[in-house]
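Observations on the three-dimensional arrangement
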Amino acid sequence: EVIDASGQILLPGFIDLHTHLREPGREDTETIETGSAAAALGGYTAVFAMANTSPVADSVVITDHVWRRGQEVGLVDVYPVGAVTVGLEGKQLAEMGTMAAGVGAVRMFSDDGMCVYDPLIMRRALEYSNSLGVLIAQHAEEPRLTKGAVAHEGPNAARLGLAGWPRAAEESIVARDALLARDAGARVHICHASTAGTVELLKWAKAQGISITAEVTPHHLLLDDSRLETYDAVNRVNPPLRESSDVAALRQALAEGVIDCVATDHAPHAEQDKCCEFAAARPGMLGLETALSIIVETMVKTGLLDWRGVAQVMSENPARIVGLDDQGRPIAVGEPANLVLIDPDTEWTVEAKELASIAHNTPYQSMTLPAKVTTTFLRGKVTARDGKVVAG
Ligand code: DOR
Ligand code: ZN
Ligand code: ZN
């Protein structure tokens with residue numbers, strides 16, 4: 001078959017270090033199958049499925065299931081993320097070595113919503129990760145500062161009567177874990193950086209030679225807390241949408257390599273968990289199918305990144321961070337490629353009900369966005385084409 005790619009951009013398949021697929025536990029909002037479809041349509045050939053499933057992915061039984069199910073579906077490589085700690089307590093280290101040795105070969109550990117906030121546990125996790133050669137990813141949300149908080153602590157939240165989530169909740173953990181990583185001689189990855197202060201801390205830590213990397217979400221690069229005006233619960237997310245000055249700092253940091261990559265934090269939620277009062281809604285928004293367009297809008301159209309830069313922040317850097325090649329596999333050459341073809345000149349209008357995810361919580365409903373993935377190839381085989389999934 002000949003594919004006419006004239007006028008299109010060819011990049012390595014995207015790799016998402018931060019995806020919530022809700023299997024096991026909340027298959028009414030997303031499954032490995034529907035999430036894989038969303039990923040393929042978004043140009044992804046590898047996603048890392050976060051550990052805050054139900055039950056938590058704190059054992060090899062679950063991490064192996066996630067990997068196997070992803071391979072069965074066959075649209076994208078679904079790499080399981082293991083939980084650093086057992087259950088929701090965050091008190092006891094999980095058997096990371098067993099998960100790393102399973103068929104799921106867990107290479108990244110994190111806790112999402114039950115993150116590693118005990119400094120002693122974090123210190124031990126970093127030391128352990130070092131000897132296993134795996135990566136610890138930290139959500140950086142100090143729970144004693146985020147308790148009850150639903151929106152960025154600032155003038156907008158104050159005016160709207162929404163409990164504030166301070167920047168220090170994030171920055172204090174980024175600073176702490178940079179220092180813990182330094183002392184352990186280990187690597188640490190910061191999930192969804194959201195503040196200008198985090199950018200400054202990352203600059204500082206990198207300048208010290210600390211092995212720290214960071215991701216930013218598309219929504220934190222586009223949206224700010226002026227969106228809260230309508231109290232629409234679709235805008236509730238952790239960490240919260242910040243101020244326009246933070247958005248500007250995050251864009252600049254991604255352009256300069258202070259922030260290494262884009263990760264979606266794709267977080268499907270049921271209608272009934274999003275239709276309620278802002279403060280009662282679950283945090284999180286869809287991201288896989290819109291990520292590329294948001295990056296084009298915020299980074300390419302603004303002249304901050306060229307297409308070479310897009311390949312770096314969407315494929316090459318995430319691959320390097322988790323020790324895959326930019327084809328999303330353990331370093332190997334001469335194999336069929338993971339690729340994505342993009343029409344850079346088109347526009348499309350987001351319609352939540354047309355997305356492949358079961359849940360519909362996109363903050364971009366009815367927005368017209370630039371650029372679209374036209375074809376995704378996993379190991380040389382088409383997985384998505386012109387907005388439709390192509391089953392193996
Ligand atoms: O808003 C969020 N929702 N942020 C996260 O990191 C977790 C996610 C979820 O699981 O819903
Ligand atoms: Zn998180
Ligand atoms: Zn998350």
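Before going into details, it helps to say that this report is about the structure given with it. Just so you know, the residues in each chain are numbered from 1, in the order the chain's sequence is written. Written order decides the labels, with chains lettered from A and ligands numbered from 1. In keeping with the model being predicted, local features are shown solely for residues with a pLDDT of at least 70 and side-chain atom pairs are shown and tallied solely at 80 or more, while totals for entire chains, interfaces and linings include all residues. To get the side-chain values, all heavy atoms of the structure are used, and hydrogens and water are removed first.

1. Here's the deal with the sheet that holds strand β14 (residues 381-385)
Spatially, the 5 strands line up as an open sheet ordered β1-β12-β13-β14-β15, and their pairing is antiparallel. Every interior strand has two partners, whereas the edge strands, β1 (9-12) and β15 (388-389), have only one. Running at roughly 130° to strand β13 (residues 368-378), helix α11 (residues 291-300) makes contact with β12 (339-349) and β13 of the sheet. Against the sheet, helix α12 (residues 307-322) contacts β1 and β12, and its axis sits at roughly 30° relative to β1. Between any two strands, pairing holds if DSSP finds at least two bridges. Only DSSP runs of H or I reaching four residues or more are called helices, and only runs of E reaching two or more are called strands; each is numbered from the N terminus. Between two residues, a contact is recorded if the distance between any of their heavy atoms is within 4.5 Å. Angular values range over 0 to 180 degrees, each being the angle between N-to-C directions of two axes fitted as lines to C-alpha atoms, with helices fitted over their stretch in contact.

2. Some thoughts on the pairing of strand β4 (residues 77-80)
Summary of the burial criterion: residues with accessible area below 20% of their type's maximum are buried, those above 50% are exposed, and those between are partly exposed, where the area comes from a 1.4 Å probe applied to protein chains only. A two-sided burial pattern is seen for β4, the buried positions comprising Asp77 and Tyr79 on one face and Val78 and Pro80 on the other. Sheet topology places strand β3 (residues 44-49) next to β4; 4 bridges connect them, and they run parallel. Bridge assignment links valine 47 to a residue of β4, and that residue is valine 78.

3. Quick word on helix α2 (residues 60-73)
Here, expected helix span is obtained from the residue count minus one, scaled by 1.5 Å. Compared with an ideal rise of 1.5 Å per residue, which puts 14 residues at 20 Å, α2 spans 20 Å between its outermost C-alpha atoms and is within 8% of the ideal. Regarding α2, the residues found buried are Ile62, Thr63, Asp64, Val66, Trp67, Gly70 and Val73. Of the surrounding secondary structure, the elements contacted by the buried residues of α2 are α1 (32-41), β3, β4 and α3 (96-101).

4. Things to note about the pairing of β12
Of the pairings in the sheet, the one linking β1 to β12 comprises 4 bridges and is antiparallel in character. Its bridge partner lying in β12, leucine 10 is registered against leucine 341. As paired elements, β12 and β13 share 8 bridges and run antiparallel to each other. When the sheet's bridge partners are listed, isoleucine 342 is paired in β13 with valine 373.

5. Quick notes on unusual backbone geometry
With an omega dihedral of 10°, the bond running from glutamate 23 to proline 24 counts as a cis peptide bond. Within the fold, proline 24 resides in the loop between β2 (14-19) and α1. Look at the link from asparagine 238 to proline 239: it is a cis peptide, with omega at -15°. At aspartate 386, a position not held by glycine, the phi torsion is positive, near 45°. Tracing the backbone through its elements, the reader meets aspartate 386 in the loop between β14 and β15.

6. So, empty space enclosed by the protein
Residues are called lining when one of their atoms sits within 4 Å of a cavity or pocket point, these points coming from a 1 Å grid over the protein atoms alone, where a cavity is a set in which a 1.4 Å probe fits but cannot get out and a pocket is an open set with protein on both sides within 12 Å along at least five of seven lines. Grid points are joined across faces, edges and corners, and a volume is the space filled by probe spheres set on the points. Taken as a whole, this structure holds 4 cavities of 30 Å³ or more when the rule is applied. Its boundaries defined by the atoms lining it, the largest cavity holds a volume of some 60 Å³. Lining the largest cavity are Leu21, Arg22, Glu23, Ile32, Ala49, Met50, Thr53, Ala57, Val66, Pro80 and Val81. In this count, Pro and Cys sit with the nonpolar residues alongside Ala, Val, Leu, Ile, Met, Phe, Trp and Tyr, while Asp, Glu, Lys and Arg are called charged and the others, Gly among them, polar. In the lining of the largest cavity, the residues fall into 8 nonpolar, 1 polar and 2 charged. Estimates place the volume of the second largest cavity at around 50 Å³. Together, Leu41, Gly42, Glu289, Thr290, Ala291, Leu292, Ser293, Trp348, Ala371, Lys372 and Val373 line the second largest cavity. Mapped by element, the contributors of at least two residues to the lining of the second largest cavity are α11 and β13.

7. A look at the site of ligand 1
Here, proximity means that at least one heavy atom of the residue falls within 4 Å of the molecule or strand. Close to ligand 1 lie 13 residues, the nearest being Arg22, Asn52, Asp112, Asn238 and His269. Between a nitrogen atom of ligand 1 and a side-chain N or O atom of aspartate 265, the distance comes to 3.2 Å. What decides whether a molecule sits in a cavity or pocket is whether more than half of its atoms lie within 2 Å of the grid points. With respect to the pocket detection grid, ligand 1 is positioned in the largest pocket. Split by residue class, the shell around ligand 1 holds 3 nonpolar, 7 polar and 3 charged. Contacts described as polar in this section are N or O atom pairs within 3.5 Å, which, within protein, must combine one atom able to donate a hydrogen with one able to accept it, while residues neighboring in sequence count only if both atoms come from side chains.

8. Let's talk about the packing of aromatic side chains
Each pair of aromatic rings taken from Phe, Tyr and Trp, with Trp reduced to its six-membered ring, is defined by centres within 6.5 Å and is described as stacked if the planes are under 30 degrees apart, edge-to-face if over 60, and tilted in the remaining cases. Scanning the entire structure with this criterion turns up 3 aromatic pairs. A ring pair is formed by phenylalanine 14 and tyrosine 44, whose centres lie 5.6 Å apart and whose planes are at 70°; its orientation type is edge-to-face. One end of the pair, phenylalanine 14, is in strand β2; the other, tyrosine 44, is in strand β3, with 30 residues separating them in the sequence. Take phenylalanine 14: its relative accessible area is 0%, and that puts it in the buried class. Residues phenylalanine 48 and tyrosine 79 carry aromatic rings whose centres are separated by 4.9 Å and whose planes lie at 15° to one another, so their mutual orientation is stacked. With phenylalanine 48 in strand β3 and tyrosine 79 in strand β4, the pair connects residues that are 31 residues apart, well separated along the chain. Assigned by exposure class, phenylalanine 48 and tyrosine 79 land together as buried.

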